[in-house]
Amino acid sequence: MRIPIIAGNWKMHKTINEAVQFVNDIKEKVQGTDVEVVICAPFTLLLSLKEAAAGSNIKLGAQNMHWENQGAFTGEISPLMLKDIGIDYCIIGHSERRQYFAETDETVNKKIHAALQHGINPIFCVGETLEERESGKTEAIVKSQIQNGLENISGEDMNKIVIAYEPIWAIGTGKTATPEQANEVIYQIRETIKELYGETIYTEVRIQYGGSVKGSNAEEIMNQEDIDGALVGGASLLPDEFVQIVNF
Ligand code: 13P
């Protein structure tokens, strides 16, 4: 039985006051849900959010990290520092990081290893561009992102990873993949996991969909057989929308 996981990815949004207000607005409304609720916030907010979310079922995640524990890496944050705050998750390999900050499958793989070493659960993102989709390459691209990103990750560690399928053309565009399109790729990802890790992990791995998820389309997306959650950008900034998605 896979527990659904709804994670908000706030990207580069919100001040401390706004973030704390958000948690205060939603925490009672998401209490008692069977869904795992995560907010992935900018680094500057995590400590205040941790305090604001104390005693609630809201878990916290970061949106990126370096793979080293410390060193001369100006502007970076290490897994050790994130563990120090006590976060549960870290988004790794988001398409915006691949696109604007030169992340590759190789750096993504290093970060996944580092996160796991520190007990941080990766939300590992994959997805194709519009051009790749239109030229029929979706399956091959996503498969190679999965294989490369998970290189030398053990089965035991695989249980701690959440995969997020985010077609790049559906991010922030208002263009959602149809639930069937999303499910089809997620089904293929699960098949790849079966090839790599066998039957048990294949049935247990949680795979989210991300890309223009909102309150009004969450239910039909979540009702798809292979979709176990959502990674939500824009709509996760709005308390009512986020609550509606969590309570799909
Ligand atoms: P939107 O929900 O704004 O399309 O963003 C999706 C996303 O990138 C989540 O990581």
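The present account deals with the structure reproduced in this document. (Residues numbered from 1 in each chain as written. Predicted model: local features only at pLDDT ≥ 70, side-chain atom pairs only at ≥ 80, totals over all residues. Heavy atoms only, no water.)

As for the overall build of the protein
Inference 1: Counting its secondary structure elements, the protein contains 12 helices and 8 strands.
Inference 2: Its C-alpha radius of gyration of 17 Å places the protein within 12% of the 18 Å reference for a compact globule of 248 residues.
Inference 3: Referenced to the eigenvectors of the C-alpha coordinate spread, the extents of the protein come out at roughly 45 × 45 × 35 Å.
Inference 4: Nonlocal contacts in the protein, meaning residues at least 24 apart in sequence, comprise 72% of its contacts between residues at least 6 apart.
Inference 5: By element, 49% of the accessible surface of the protein is carried by carbon and sulfur atoms, the whole surface being about 11400 Å².
Inference 6: Charged side chains of the protein number 21 positive and 36 negative; the gap between the two group centres comes to 2 Å. (Helix = DSSP H or I, 4+ residues; strand = E, 2+ residues; numbered from the N terminus. Rg over C-alpha atoms; globule rule 2.2 N^0.38 Å. Contact = heavy atoms within 4.5 Å. Areas by Shrake-Rupley, 256 points an atom, 1.4 Å probe, with all protein chains shown as cover. Lys, Arg positive; Asp, Glu negative; His and termini not counted. Charge placed at Lys NZ, Arg CZ, Asp CG, Glu CD.)

Re the environment of Tyr165
Inference 1: Of note, Tyr165 is situated in strand 6 (residues 162-165).
Inference 2: Under the relative-accessibility criterion, Tyr165 is labelled buried at 0%. (Buried < 20%, exposed > 50% of the residue type's maximum accessible area, 1.4 Å probe, protein only.)

Details of the packing of aromatic side chains
Inference 1: In this structure the tally under the stated criterion is 4 aromatic pairs.
Inference 2: Ring centres of Trp10 and Phe22 lie 4.9 Å apart, and the angle between their planes is 80°; this geometry places the pair in the edge-to-face category. Linking Trp10 in the loop between strand 1 (5-9) and helix 1 (16-26) with Phe22 in helix 1, this pair joins segments that are 12 residues apart in sequence.
Inference 3: Trp10 gets classed as buried once you look at its relative accessible area, which sits at 1%.
Inference 4: You can call Phe22 buried: its relative accessible area is 2%.
Inference 5: One aromatic cluster in this structure is built from Trp10, Phe22 and Phe242.
Inference 6: The ring of Trp10 has Lys14 lying over it, and the distance from NZ or CZ to the ring centre is 5.2 Å. (Phe/Tyr/Trp six-rings, centres within 6.5 Å; stacked < 30°, edge-to-face > 60°. Lys NZ or Arg CZ within 6 Å of the ring centre and 35° of its normal.)

Description of the nonpolar core
Inference 1: Within the largest apolar cluster, 66 residues are counted, with the highest numbers of intra-cluster contacts made by Ile39, Ile163, Ile189, Ile193 and Tyr209.
Inference 2: Counting 11 residues, the second-largest nonpolar core is a separate cluster that includes Tyr89, Ile123, Cys125 and Val162. (Core = buried A, V, L, I, M, F, W, Y, C linked by side-chain atoms within 4.5 Å.)

Examining the state of the cysteines
Two cysteines, two sulfur atoms, one covalent bond between them: this is a disulfide.
Inference 1: A full pass over the atoms with the stated rule returns 0 disulfides.
Inference 2: Cysteine Cys90 remains unbridged, with the sulfur of Cys40 as its closest cysteine sulfur at 7.7 Å. (Disulfide = S-S within 2.5 Å.)

Topic: the pattern of salt bridges
Inference 1: A complete count under the given rule lists 12 salt bridges for this structure.
Inference 2: Residue Glu96 is joined to Lys11 by a salt bridge in which the shortest nitrogen-to-oxygen separation is 2.8 Å. Of this pair, Glu96 sits in helix 4 (residues 95-100) while Lys11 sits in the loop between strand 1 and helix 1, and the two are 85 residues apart along the sequence.
Inference 3: Arg190 is the partner of Asp228 in a salt bridge, and the nearest nitrogen-oxygen pair spans 2.8 Å. Within this pair, whereas Asp228 is found in the loop between helix 11 (218-222) and strand 8 (229-232), its partner Arg190 is found in helix 9 (residues 179-197), the two being separated by 38 residues in sequence. (Salt bridge = Lys/Arg side-chain N within 4 Å of Asp/Glu carboxyl O.)

Concerning the packing of helix 7 (residues 138-149) against helix 9
Inference 1: Direction vectors running N to C along helix 7 and helix 9 enclose 40°, while the axes themselves pass 10 Å from each other. Regarding the angle of helix 7 to helix 9, the classification is oblique. Where helix 7 crosses over helix 9, the handedness of that crossing is right-handed. Here helix 7 contributes Thr138, Glu139, Val142, Lys143, Ile146 and Gln147 to the contact with helix 9, which in turn contributes Val185, Gln188, Ile189, Thr192, Ile193, Glu195 and Leu196. (Axes fitted to C-alpha atoms, helices over the stretch in contact; angles between N-to-C directions. Parallel < 35°, antiparallel > 145°, perpendicular 65-115°, else oblique. Left-handed = near helix turned anticlockwise from the far one by under 90°.)

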